[in-house]
Amino acid sequence: MIKNLQGNYFDPEIETAPREDILRIQLEKLRHQVAWAFERVPWYRERFRDLGVKPEDIRSLEDVRLLPFTDKQTLRDTYPFGLCAIPLDSVVRLHSSSGTTGKPVVIGYSRRDLDVWSDCVARMVMMAGVTPADRVQMAFGYGMFTGGFGLHYGCEKLGCMIVPAGSGNTERHLMMIGDYSTTVLIATPSYALHMCEVGESLGFDWASSSLRVGLFGGEPCTLGMRREIERRMHIICTDNYGLTEVSGPGVGGECLAARDWNHINEDHYLWEVINPVTNEPLPEGQEGELVLTPLSKEAFPVMRYRTRDLTRVTTGPCACGRTHARMSKVRARTDDMLIVRGANLFPSQVEDVLVGIQGLAPHYRIVLDNEAGMDRITVMVELLPDAFSDSFEQMDHFRQHVVDRLRQALLITPIVKLAEPGSIERTVGKSKRVEDKREKF
Ligand code: DLL
């Protein structure tokens, strides 16, 4: 049941501020951030000099385009503390995101940075319908990953009772839901799905459990996957978005009025959407790469961070009463795009097809390799126990049906392997669904 579409704000004054006020705050803060980074971080001073830009050149929000982009590589090149704008003894926390190669990306936080971060998280938690009366169970890890601590302090700021269980140990999670009557679950959507499955196998009664809201994030969740979790857990699944380089979770979150969008905390993040190839700005509403400039960062100012996440943004009014812009759910990253025999495809397209086929479980892997110099794509997907049959013919017929559905959507013909129930590895954090074993020529 969805109620309280309006009036459920953590910081009503700013969350419902007229747009012209938001834009004015953004410009003030942008100018301050630019001067802050220029004065304190030699890396920015050099880039500004190369581009012939001075802080006083920033006179309007559009002038953000004068500034240099940053990306993961910038943080690797300046690893660990090259972008730090405050004395290291004023840094009170470090987090990092695990890169797949080389050094991680590390970000430091001042005390004020942590305060702003937990405000942002508290807002988006409340947007999802969570109140101080809720009991929140944490299934993110509390390590260098920003998910655990980020959501923990946001929920605590809101006044919830938080159960810091951490990632993994699904049976213990189920026990805690039962024993502590927790009402909110924080997890990646793929782990939530795994919890559904383990719960069902142990006879856990999701329908009468106390859980009512899922705060899920850290990875994409297709509409089909969301419906699946909602149906099996009997909760409302909400999405929230963020990334380590600009703080962590809390960049944006889903309100209960506009379920397919996440409101961006615009007084703390300036967004741009650009064409990822030409780097040119795109008009509002068009899909492109999200570029973020945090506006309140003391310790690690980051300018025009290239998120690689594909989204579109609207500033149109929202029924929840919030005036902050909304970004569409991130379904893919520019670097997720697979090019298979010249065709472009995103893993989320495969997922969309699979979750729409009765008899398949939402657990799959995509493997790419070469055969005789040609790209080959194999989709391994689990069968639901009920769909399993001893008849080879029936199974092959079903497999062919999956191939046909994928071919219609992707315009290439994959190999499909139907896997036994439970045979595809589950993860406690972010799922890894694609394995690219192709030789690079
Ligand atoms: O995943 C921060 C986070 C933690 C957000 C928990 C929400 C909840 P990183 O590990 O640095 O930080 O990964 C950031 O994960 O650029 C997206 O590609 C992806 N991502 C994060 N949230 C979502 C989401 C955290 N809601 C990267 N939907 C981002 C889709 C997401 N992708």
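**Considering the pairing of strand 3 (residues 135-138)**
- Of the pairings in the sheet, the one linking strand 3 to strand 4 (residues 161-163) comprises three bridges and is parallel in character. Residue pairing for strand 4: Arg135 is matched across the bridge by Met161.
- Read from strand 3 through helix 6 (residues 146-158) to strand 4, the crossover connection turns out right-handed.

**Looking at the packing of aromatic side chains**
- For the structure shown, the criterion picks out eight aromatic pairs.
- Pairing Tyr44 with Phe48 gives two aromatic rings, centres 6.3 Å apart and planes at 70°, and the pair type is edge-to-face. Of this pair, Tyr44 and Phe48 both sit in helix 3 (residues 42-51), four residues apart, which is roughly one turn of that helix. Neither residue differs from the other here; Tyr44 and Phe48 are each classed as buried.
- Taking the centre distance of 5.2 Å and the plane angle of 85° together, the rings of Tyr142 and Phe149 count as edge-to-face.
- Counting every residue linked through ring pairs, the aromatic cluster contains Phe38, Trp43, Tyr44 and Phe48.
- Here Arg306 stacks its cationic end above the ring of Phe69, 4.8 Å away from the centre of that ring.
- Over the face of the ring belonging to Trp261 we find Arg326, whose NZ or CZ atom lies 5.6 Å from the ring centre.

**Examining the sheet that holds strand 18 (residues 360-371)**
- Read across the open sheet, the four strands follow the order 20-19-18-21; overall the sheet is mixed. Single-partner strands in this sheet number two, and they are strand 20 (415-419) and strand 21 (434-436). Averaged over all adjacent pairs, the angle separating strand axes in this sheet is 15°, with direction ignored.
- Bridge count for strand 18 against strand 19 (residues 374-383) is nine bridges, and the pairing is antiparallel. What sits directly across from Asp369, in strand 19, is Arg376.
- Of the strands in this sheet, strand 18, strand 19 and strand 21 are in contact with helix 10 (residues 347-355), which crosses strand 18 at around 135°.
- Of the strands in this sheet, strand 18, strand 19 and strand 20 touch helix 11 (residues 392-410), which is tilted by about 130° from strand 20.

**Considering the domain arrangement of the chain**
- Entries for the chain in the domain assignment read domain 1 (1-333) and domain 2 (337-440).
- Between the C-alpha centres of domain 1 and domain 2 there is a distance of 30 Å.
- Listed as interface residues are 21 residues of domain 1 and, on the opposing side, 16 residues of domain 2.
- Our count for the contact surface shared by domain 1 and domain 2 stands at two salt bridges.
- Across the pair Asp352 and Arg331 runs a salt bridge whose closest N-O atoms are separated by 2.8 Å.
- Listed by contribution, the elements that provide at least two residues to the side of domain 1 that touches domain 2 are helix 8 (189-201), helix 9 (223-233) and strand 15 (332-333).
- The leading source of residues in the side of domain 1 that touches domain 2 is helix 8, at five residues.
- Among the residues making up the side of domain 1 that touches domain 2, the classes are represented as seven nonpolar, eight polar and six charged.

**Some details on the nonpolar core**
- In terms of nonpolar packing, the biggest core is built from 71 residues, with Leu30, Tyr44, Val125, Leu151 and Leu292 touching the most fellow members.
- With ten residues, the single largest contributor to this core is helix 5 (residues 111-127).
- Sequence-distant contacts of Tyr44, defined by excluding residues within four places in its chain, comprise Ala37, Thr70, Leu83, Pro301, Val302 and Met303.
- Listed in part, the 24 residues of the second largest apolar core include Leu338, Leu368, Leu383 and Met395.

**Overview of the site of the ligand**
- Around the ligand, the surrounding shell holds 20 residues, and the nearest of these are Asp239, Asn240, Thr244, Asp309 and Lys430.
- Between a nitrogen atom of the ligand and a main-chain N or O atom of Gly218, the distance comes to 3.1 Å.
- Note that an oxygen atom of the ligand is positioned 2.5 Å from one of the side-chain N or O atoms of Thr244.
- Relative to its free-state accessible area of 610 Å², the ligand is covered by the protein chains to the extent of 92%.
- Looking at the shell around the ligand, the elements with two or more residues in it are helix 6 and strand 7 (236-243).
- Among the elements that take part in the shell around the ligand, strand 7 stands out by supplying five residues, more than any other.
- Grouping the amino acids of the shell around the ligand by side-chain chemistry returns seven nonpolar, eight polar and five charged.

**Remarks on the environment of Arg227**
- Summarising the element assignment, Arg227 is placed in helix 9.
- Each C-alpha atom, one on Arg227 and one on Met144, is 31 Å from the other, the two residues being 83 residues apart in sequence.

**Focus on unusual backbone geometry**
- The omega torsion across Tyr79 and Pro80 is -5°, close enough to zero to call that bond cis.
- With respect to the helices and strands, Pro80 occurs in the loop between helix 4 (72-77) and strand 1 (93-97).
- Non-glycine residue Arg304 carries a positive phi angle of around 45°.
- What makes Arg304 buried here is its relative accessible area of 4%.
- The phi dihedral of Arg341 is positive, around 45°, even though this residue is not glycine.
- Tracing the backbone through its elements, the reader meets Arg341 in the loop between strand 16 (338-340) and strand 17 (343-345).

Parameters at a glance
- Residues numbered from 1 in each chain as written.
- Predicted model: local features only at pLDDT ≥ 70, side-chain atom pairs only at ≥ 80, totals over all residues.
- Heavy atoms only, no water.
- Pairing = 2+ DSSP bridges.
- Helix = DSSP H or I, 4+ residues; strand = E, 2+ residues; numbered from the N terminus.
- Right-handed = clockwise from strand over helix to strand, strands pointing away.
- Phe/Tyr/Trp six-rings, centres within 6.5 Å; stacked < 30°, edge-to-face > 60°.
- Buried < 20%, exposed > 50% of the residue type's maximum accessible area, 1.4 Å probe, protein only.
- Lys NZ or Arg CZ within 6 Å of the ring centre and 35° of its normal.
- Axes fitted to C-alpha atoms, helices over the stretch in contact; angles between N-to-C directions.
- Contact = heavy atoms within 4.5 Å.
- Domains from an automatic or database assignment.
- Salt bridge = Lys/Arg side-chain N within 4 Å of Asp/Glu carboxyl O.
- Nonpolar A, V, L, I, M, F, W, Y, C, P; charged D, E, K, R; others polar.
- Core = buried A, V, L, I, M, F, W, Y, C linked by side-chain atoms within 4.5 Å.
- Near = heavy atom within 4 Å.
- Polar contact = N/O pair within 3.5 Å; in protein donor to acceptor, adjacent residues only side chain to side chain.
- Areas by Shrake-Rupley, 256 points an atom, 1.4 Å probe, with all protein chains shown as cover.

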